[in-house]
Amino acid sequence: MMKSPASLTIHEAAAALRAKTLSSVELTKAVFERIRAVEPQVHAYLHLTEEDALAQAAASDRRRAAEESRGPLDGVPIALKDNLCTRGVPTTCASKILERFVPPYDATVVTRLRAAGAVITGKTNLDEFAFGSSTENSAFGPSRNPWDLDRVPGGSSGGSAAAVAADEAIAALGSDTGGSIRQPAALCGLAGLKPTYGRVSRYGLIAFASSLDQIGPLAKDVEDCAILEEAIEGWDAADSTSVRLEGPSVTQASAGDIQGLRIGIAKEWLGTGLDPEVRAAVDGARVPLEKLGCTFREISLPLQDYALPIYYLVAPAEASSNLARFDGVKYGRREDGANIVEMYKKSRSAGFGPETKRRIILGTYVLSAGYYDAYYLKALKARTRLRQDYLDALKECDALLSPATPTPAFRIGEKADDPLQMYLSDIYTVSVNLVGLPALVVPCGFSAAGLPIGMQLIGRAFDDATLLRVGARYQNVTDWHRRKPPLPDSGEGGV
Amino acid sequence: MTEFETVIGLEVHCELSTKTKIFCGCSTKFGAAPNSQVCPVCLGLPGTLPVMNAEALERAILVGLAVGCTIRRRFKFDRKHYYYPDLPKNFQISQYDLPLAHDGRVDLAGAHPVRVKRVHLEEDAGKLVHEGAGQQIATGTAALVDYNRSGMPLLEIVSEPDLREPAEAVAYVKSLQTLVRYLHVSDGNMEEGSLRCDANISVRPKGADELGAKIEIKNMNSFKSIEHALTFEARRQRDALARGETLAQETRLWDDTAGETRSMRSKEAAHDYRYFPEPDLLVFTMDDARLAVIRGRLPELPWTKRLRYVQTLGLTDYDAGVLTSDRTVAEYFEATIAAGAPPKTACNWVSTELLGALHGRKLGIGDSRVAPRQLAALIALIDKATISGKIAKTVFAEMLVSGADPDAVVKAKGLVQITDEDALVTSVRDVLAANPQSVADFKAGKSQTIGFLVGQVMKATGGKANPQAVNKILKEELTR
């Protein structure tokens, strides 16, 4: 039986479109058929833009017919996390407070995707304001892991991960503040890239923690990650923290071999709390990488244990500030009050969910007079030290290898009432945001229960290409990324 | 009875007149229709980010340099949090512990210098408009927000508590107004709110080292209200202390209509602004080269100019003050002397005749139809005795209307002064013949009669006679 176009990767779809064995309209229709078939079980999306997507697809086909095609993304259906602003399309951050918010502008990454000819399928679910690791904090209900519908897809970009894993999009964009691309990629068997801070413009990404946030791809393989990163990255006048990139493009730079690369593994990563199956899978990845010419060495990151505490001071502090604007005055949900203060209180009480409130309270507290030095300032100092640890490690290594998550996907509800347990699922990912480096998650095995396991590669600042090169070569000799989840009703999208 | 001393420190806010706002491309033009100059960035819409307006930054540094501050080589911006509907993000991007300029001073003419603690740059908030009766919050039916002002670049200049009198405070704000106008960085207009001022005022026994309870006064919207509010507040505090009361730190609002200050919030109710470094803007670095370029934009400052006018041009301090209070006036004056006019004469013409006439027509010096070169030419005509000072005023009045050169006016109207003594002798003799009584009076010792006779000759010559020449001939004729 012929493979459904919905199951293609970007580069496979691009090849078929180029060969004219497939049109963008056919591809887009196949994706929406697949969405209709599995979305009731998966709940990856918050908003679908089918009509517009088909119009974009038709436009892409016309460009191709006129030989004006714009490259590998032209005509390819891509999903967007619902914290990326889309002009005229609701952007809710999975929060009731933004339930009716329709941005008057496109995020820079959206503008760039459109310019590359990508077809936008819709907006995907997330933990409210990206606060969480499971999508259970979405005000509109959790997404489910296509590999096991009783389990979480991870978060906060869980909707994007579930959509791609379930073939409800060819690829997707997510955002990563402490692991929000990488953890769901690992839990859903995808490749996910957190680019170097500054590489991708944040303009139009509804901010969680501005000094940590970075937009990146979730895709079926590493090659697709490179294609998407290349389309969205680069300096943007609208984001002062974006950087002018030099040298060859990531797709070019990630093409070569990995002979002689030195990869470090921190002993602190393999301690207690790491699931034996995950440990075995990550360990197992060394064999093919060694065959490809990499050497491994043990390193130490003594401050690793402080990463999570630092993160839970810095991130909520910035979040409490970024979320101050949601007050019912200008847009979003408003609850009337007898006076302005009461209106603020009622609107915010009704509009925010429990985890969001928890982080606002935490962040407000650590920034308060009398506590700032003890918490926020100290966290900033520790963050600088942590960064130095990583920079030192990356002097003698070209990349670092770690587990992506301590366990495979957990059950829905399993950690929902225990925020600390939930926070621990990001233990391997948060430090990368704190130090601003790039990191790539690649599938490296499955648990006995058939759940995907991911490994994480961490690289030097702005050397995202080396990670993509390692990941792509690894995927040349492994097939973890080719497996498809056994969704009950795969409709005509089945293999 | 204890003698009290008032201590005043000022926070002056000055909106920079850059073409665009501080973090976006919106226009800063004053008076546009509400919410017509807004975009996602200055509305603080989710996902938007600030991008620094380089010109705003340079202007801020320029002011810092002008008030003698040290410019920080590395400075950052911080978020200042408080909830108010005119503040779209519910935080203001400002500068907290590392302002771009610090430790300067402003020299007030005739008074002691005022130390400037810091100069920093921030974004302005929008404006609330109250609908309904009286357009007041208390009686209104709705509050509307106009975000046109949101994101206007705002400079804050904070003084040390070096001012002792309300009048000094006004003089200080005026000198800052003059300065920002000199630098062409702001309109400095209090009526339009591009120059605003809050005061910290306390009262203490004279000679005490410690400051009294700091009371902040807000809502002073004109020079008059600054003076009235501070005068009221100083008296209120003195009276309270004299009655044995203790004053507590608080913020008070000046009510211009009622002529009094009223408590707005106590120290306990003060905001915790939860400052932290703005993560969306990088740390700014200022190197020597860039600083030198900005320094190159500094014109001669008003107080330097004033001193120079006194010391090297020989003007009185008062005249120098009038001429330097406005950069365009000073420039006009300087252009006039550059065209050859003697400084003192030029000063009189500019400050009295020109400014007086323009003021009467509600015009600025930029609207003058008389160019400095033409004014210098007019003064030269007087000095060469081609026309008298009196005729010159007539010529000047004509020049103001037509913009014509003085020579042309003199020629066209036949106003050339009669200095030819032969021509004048006839007129003098005619006048003497017609006024025998005055001649007799003069000869009897009433020397002041000569004034009357000069007047008669001037009248007879239609004002064109050279008065000095007439005087001389009259004396010769009378003593003959």
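Conventions and cut-offs
Residues numbered from 1 in each chain as written. Chains lettered and ligands numbered in written order. Predicted model: local features only at pLDDT ≥ 70, side-chain atom pairs only at ≥ 80, totals over all residues. Helix = DSSP H or I, 4+ residues; strand = E, 2+ residues; numbered from the N terminus. Rg over C-alpha atoms; globule rule 2.2 N^0.38 Å. Buried ≥ 20, exposed ≤ 12 C-beta atoms within 10 Å, placed from the backbone. Contact = placed C-beta atoms within 7 Å. Axes fitted to C-alpha atoms, helices over the stretch in contact; angles between N-to-C directions. Parallel < 35°, antiparallel > 145°, perpendicular 65-115°, else oblique. Left-handed = near helix turned anticlockwise from the far one by under 90°. Pairing = 2+ DSSP bridges. Expected span 1.5 Å × (residues − 1). Domains from an automatic or database assignment. Nonpolar A, V, L, I, M, F, W, Y, C, P; charged D, E, K, R; others polar.

Right, let's talk about the overall build of chain A for a bit. A count of helices and strands for chain A gives 17 helices and 11 strands. Relative to a compact globule of 495 residues, whose C-alpha radius of gyration would be 23 Å, chain A shows 21 Å and is just as compact. Counting the 495 residues in chain A, one finds 60% classified as buried. A sequence separation of at least 24 residues applies to 76% of the contacts in chain A between residues at least 6 apart.

So, on to unusual backbone geometry. All names here are of chain A. Note the cis peptide between Gly155 and Ser156, where omega equals 5 degrees. By the secondary structure assignment, Ser156 is in the loop between β3 (119-124) and α5 (158-165). Phi is positive for Thr135, which is not a glycine, with a value near 65 degrees. Relative to the assigned elements, Thr135 resides in the loop between β3 and α5. Its identity as a non-glycine residue notwithstanding, Asp167 has a phi of 60 degrees, on the positive side. Locating Asp167 in the fold gives a position in the loop between α5 and β4 (171-176). Taking the C-beta count within 10 Å as the criterion, Asp167 has 28 such neighbours and is therefore assigned buried.

Let us look at the packing of helix α6 (residues 317-324) of chain B against helix α8 (residues 343-360) of chain B. Describing two packed helices takes the angle between their axes plus the distance from one axis to the other. Residue and element names in this part refer to chain B. Where α6 meets α8, the axes come as close as 10 Å, and the angle between the chain directions of the two elements is 60 degrees. Between α6 and α8, the angle is such that the two are oblique. Crossing of α6 against α8: the hand is left-handed. Here α6 contributes Asp319, Val322 and Leu323 to the contact with α8, which in turn contributes Cys347, Val350 and Ser351.

Glancing now at the pairing of strand β1 (residues 4-15) of chain B. Residue and element names in this part refer to chain B. With 11 bridges joining them, β1 and strand β11 (residues 195-205) adopt antiparallel strand pairing. Bridging from a neighbouring strand, Glu5 pairs with Arg204 of β11. Summarising the sheet, β1 and strand β10 (residues 153-159) pair through 5 bridges and their orientation is antiparallel. Residue pairing across strands places Val12 opposite Ile157, the latter belonging to β10.

This paragraph deals with the sheet that holds β3(A). Consider a sheet: its strands pair through backbone hydrogen bonds, and that pairing is either parallel or antiparallel. Residue and element names in this part refer to chain A. Strand order in this open sheet of 11 strands is β1-β3-β2-β4-β6-β5-β10-β11-β9-β7-β8, and the pairing throughout is mixed. The open sheet has two free edges, formed respectively by β1 (45-48) and β8 (295-299), since each of these has just one partner strand. Direction aside, the axes of adjacent strands within the sheet are offset by 30 degrees on average. In this sheet, strand β11 (residues 452-459) lies alongside strand β9 (residues 399-403) in antiparallel orientation, the contact comprising 5 bridges. Across the sheet, the residue bridging to Ala399 is Gly459, located in β11. Helix α7 (residues 222-232) rests against β4, β5 (191-194), β6 (214-219) and β10 (439-446) of the sheet, and its axis sits at about 145 degrees to β6.

A few words on the sheet that holds strand β2 (residues 70-71) of chain B. All names here are of chain B. What the 9 strands build is an open sheet, ordered β2-β6-β7-β10-β1-β11-β12-β13-β14; its pairing is mixed. The open sheet is flanked by β2 and β14 (260-266), the only strands paired with a single partner. For β2 and strand β6 (residues 101-106), the ladder comprises 2 bridges, and the chain directions are antiparallel. In the strand pairing of β6, Thr70 is matched with His102. Here helix α1 (residues 54-66) sits on the sheet in contact with β2, β6, β7 (114-123) and β10, set at roughly 175 degrees to β7. Across the sheet, helix α2 (residues 166-182) touches β1, β6, β7, β10 and β11, and the angle it forms with β1 is around 20 degrees.

Moving on: the environment of A:Pro309. With respect to the helices, strands and loops of the structure, A:Pro309 is situated in helix α11 (residues 307-322). You can call A:Pro309 partly exposed: it has 15 C-beta atoms within 10 Å.

The next point concerns helix α17 (residues 464-477) of chain A. All names here are of chain A. For α17, with 14 residues, the first-to-last C-alpha span of 21 Å sits near the 20 Å given by 1.5 Å per residue. Burial of α17 is extensive: 11 of the 14 residues sit out of reach of the surface. Among the residues making up α17, those that are buried are Asp464, Ala465, Thr466, Leu467, Leu468, Arg469, Val470, Gly471, Ala472, Arg473 and Tyr474.

Turning to the domain arrangement of chain B, a few remarks are in order. In many reports, interface size means the accessible area that the parts give up when they come together. Residues and elements named next belong to chain B. If you check the domain split of chain B, you get domain 1 (4-292), domain 2 (300-413) and domain 3 (421-478). Here the C-alpha centre of domain 3 lies 32 Å away from the C-alpha centre of domain 2. Taken together, the contacts link 4 residues of domain 2 with 4 residues of domain 3. Among the residues forming the side of domain 2 that touches domain 3, the class breakdown is 2 nonpolar, 1 polar and 1 charged.

Below, the discussion takes up the pairing of β11(A). All names here are of chain A. Judged by how many residues are buried, β11 sits mostly within the fold: 8 of 8 residues are covered. The alternating pattern of β11 places Pro452, Gly454, Gln456 and Ile458 and Ile453, Met455, Leu457 and Gly459 on opposite faces, both of which are buried. Where β10 lies against β11, 7 bridges are found, and the strand directions are antiparallel. Bridge pairing in β11 places Ala439 opposite Ile458. Linking β10 to β11, which pair antiparallel, is a turn of 5 residues; within it Gly450 sits at a positive phi near 85 degrees.

Relative to the elements of secondary structure, B:Thr386 occurs in the loop between α9 (372-383) and α10 (389-402). For the pair B:Thr386 and B:Asp407, spaced 21 residues apart in the sequence, the C-alpha separation amounts to 9.7 Å.

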